[in-house]
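Take a look at the letters that make up each chain.
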Amino acid sequence: MEQSTVDGLLAKAWDQEHLTHDDIVNLLSVRNERDISMLFETAREIKERNFDNKVFLYGFVYFSTYCRNNCSFCFYRQSNDDSVRYRKTKEEIISLAVALEDAGVHLIDLTMGEDPRYHAGSKQALLDVIQGVSDEVRTPIMASPGVIPKDLFNDMRNSGVDWFACYQETHNQALFTRLRPDQDYYERYMQKIWARRSGLLTEEGIMVGVGESIDDRATSIEVMLQEGVQQVRAMTFVPQKNTPMETVPTTTYLDELVTMAVMRLVHQDKLIPAS
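Nothing here was measured: the structure is a model prediction, and the numbers come from that model. (Residues numbered from 1 in each chain as written. Predicted model: local features only at pLDDT ≥ 70, side-chain atom pairs only at ≥ 80, totals over all residues. Heavy atoms only, no water.)

Participant: Honestly, the environment of Pro249 in this entry has me stumped. Any pointers?
Facilitator: As for its placement among the helices and strands, Pro249 is situated in the loop between β6 (231–236) and α11 (253–266). For Pro249 and Val210, which are 39 residues apart along the polypeptide, the C-alpha to C-alpha distance reads 9.2 Å. (Helix = DSSP H or I, 4+ residues; strand = E, 2+ residues; numbered from the N terminus.)

What follows is the structure in structure tokens.
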């Protein structure tokens, strides 16, 4: 791509003009040193225009590694005998959350696999964990429980959840089926919509290097804009032992950085976590 084209697209982004799908594809395709430097500089300036030089810290409490799913990329897939399984008690979860708040994090993320104990059993078990944490900390709480029933979102908000995260990984539906066999693309997509309708802030994320094309990445960036999420993320795929994707080579981390930079040009006032 010609330098004049890159410069024009970066100026367009700086002026907060709409970037078309082709514009996004072109920016995601940038790989020469000069253009990458200009892309990163523009993304940084847009970030500072919206957030100054502030850095916000996540604190994760991964409280269950049991999962009912068999995602092709995940170490905690249900059939992986190499995965170390644990469920933290409510008291352990609260203790970790309090420690994270004391350490100065800005967001506590309560994360788990789709543990059958919580998903097939009473929904009250999950709400009790959330309420217990909410009673002890003042820091905003994110819940990342996977796919949950539509009627649970209002209850989660009332129990103290501020944010809900549920990554689609890709918005290429054929690729989604390969990554998340026997899971419903639309049900997972609607999680973010239902959460927003319940008054929750939402986070969406994609993986880089799982067989997607640059066009797929551009589509995801656009779809996340349509979803109206408040936080977007891109993460480089890392092969995990004893999974169907164990031998898939890891792509260059430059792909993740370029994707995050282009996300910033499109999602200018959204939070973008660094993995």
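Participant: Which parts of the structure should I look at to understand the sheet that holds strand β2 (residues 107–112)?
Facilitator: By way of backbone hydrogen bonds, the strands of a sheet pair with one another, either parallel or antiparallel. With parallel pairing, the 6 strands of this open sheet are ordered in space as β1-β2-β3-β4-β5-β6. Across the chains shown, the open sheet's two edge strands, defined by having one partner strand only, are β1 (58–64) and β6. Here the average twist between neighbouring strands, direction ignored, is 25 degrees. Where β1 and β2 come together, 6 bridges link them in parallel fashion. When the bridges of β2 are listed, Gly59 appears paired with Ile108. (Pairing = 2+ DSSP bridges. Axes fitted to C-alpha atoms, helices over the stretch in contact; angles between N-to-C directions.)

Participant: Would you mind going over the nonpolar core with me for this structure?
Facilitator: As a rule of thumb, soluble globular proteins bury nonpolar side chains together. Ranked by size, the top nonpolar core spans 30 residues in total, and within it Ile24, Val262, Met263 and Leu265 carry the most contacts. Listed by contribution, the elements that provide at least two residues to this core are α1 (3–14), α2 (21–28), α3 (33–51), β5 (201–208), α10 (214–227), β6 and α11. Broken down by element, this core gets its largest block of residues, 7 residues, from α11. For Val262, the residues in contact, after removing those within four places along its chain, are Ile24, Leu27, Leu28, Leu39 and Ile221. (Core = buried A, V, L, I, M, F, W, Y, C linked by side-chain atoms within 4.5 Å. Buried < 20%, exposed > 50% of the residue type's maximum accessible area, 1.4 Å probe, protein only. Contact = heavy atoms within 4.5 Å.)

Participant: Sorry, what's going on with a negative patch on the surface here?
Facilitator: Together, Glu41, Glu45, Glu48 and Asp52 make up a negatively charged patch on the protein surface. Tracing the backbone through its elements, the reader meets Glu41 in helix α3. (Patch = residues over 30% accessible without salt bridge, like charges linked within 9 Å, V, L, I, M, F, W, Y side chains within 5 Å. Areas by Shrake-Rupley, 256 points an atom, 1.4 Å probe, with all protein chains shown as cover. Salt bridge = Lys/Arg side-chain N within 4 Å of Asp/Glu carboxyl O. Lys, Arg positive; Asp, Glu negative; His and termini not counted. Charge placed at Lys NZ, Arg CZ, Asp CG, Glu CD.)

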